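# Fold and geometry: a report
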Amino acid sequence: MKVTNCKFLKIFKVNAIVLYPFVLYCDSCPDTNIVMHESIHLKQIKRDGVIRFYTRYLVEYFKGRQSGMTHYQAYRNISYEKEAYDSARAT
Ligand SMILES: [Zn+2]
């Protein structure tokens, strides 16, 4: 299910986010690449489970931040993000 909620997304400084089972987009007509990226996260959640996905996602993010990475570096270093960007690039 797609929901547009820009105010909420601004808190996280993102254009889209998966809050399973919802995908929130800032734009009512989101870019195809963003839709594809978020659909890969939905597949990851279905594959690994909701709890494991979000736990691993947050642990990897905060480990990155603790090691001195910027927000963006820590975000891009999350294994789920690497997989999503690599999968989107391969299609
Ligand atoms: Zn992502």
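Each remark here, short or long, concerns the structure printed above.
Heads up: these notes are all about the structure in this document.

Rules used in this analysis
- Residues numbered from 1 in each chain as written.
- Predicted model: local features only at pLDDT ≥ 70, side-chain atom pairs only at ≥ 80, totals over all residues.
- Heavy atoms only, no water.
- Donors = N, O, S within 2.8 Å, 3.2 Å for Na, K, Ca; no water.
- Tetrahedral: all angles 85-135°; square planar, octahedral: opposite > 155°, others 65-115°.
- Helix = DSSP H or I, 4+ residues; strand = E, 2+ residues; numbered from the N terminus.
- Core = buried A, V, L, I, M, F, W, Y, C linked by side-chain atoms within 4.5 Å.
- Buried < 20%, exposed > 50% of the residue type's maximum accessible area, 1.4 Å probe, protein only.
- Contact = heavy atoms within 4.5 Å.

## Quick notes on the coordination of the zinc ion
For the zinc ion, the protein coordination sphere consists of His 37 (NE2), His 41 (NE2), Glu 81 (OE) and Glu 81 (OE), at 2.0 to 2.4 Å. Considering all four donor atoms around the zinc ion, the spread of angles at the metal, 58 to 147°, places the coordination shape in the irregular class. Sequence spacing of the donors to the zinc ion: H-x3-H-x39-E. Taken together, the residues His 37 in helix H2 (residues 32-48) and Glu 81 in helix H5 (residues 79-90) connect sequence positions 44 residues apart.

## Details of the environment of Ser 39
Topologically, Ser 39 is positioned in helix H2. Separated by 25 residues in sequence, Ser 39 and Val 14 place their C-alpha atoms 16 Å apart.

## Here's the deal with the nonpolar core
Grouped together as the largest cluster of nonpolar side chains are 13 residues, with contacts concentrated most on Val 18, Val 23, Phe 53, Tyr 57, Ile 78 and Tyr 80. Put simply, the parts of the chain that give this core at least two residues each are strand E2 (16-19), strand E3 (22-25), H2, helix H3 (50-66) and helix H4 (71-77). If one sorts the elements of this core by residue count, H3 sits on top with three residues. Once residues lying within four places of it in the same chain are set aside, the contact partners of Tyr 80 are His 41, Gln 44, Arg 47, Asp 48, Arg 52, Phe 53, Arg 56, Tyr 57 and Glu 60.

Functional significance is not addressed by these values, which are geometric in nature.
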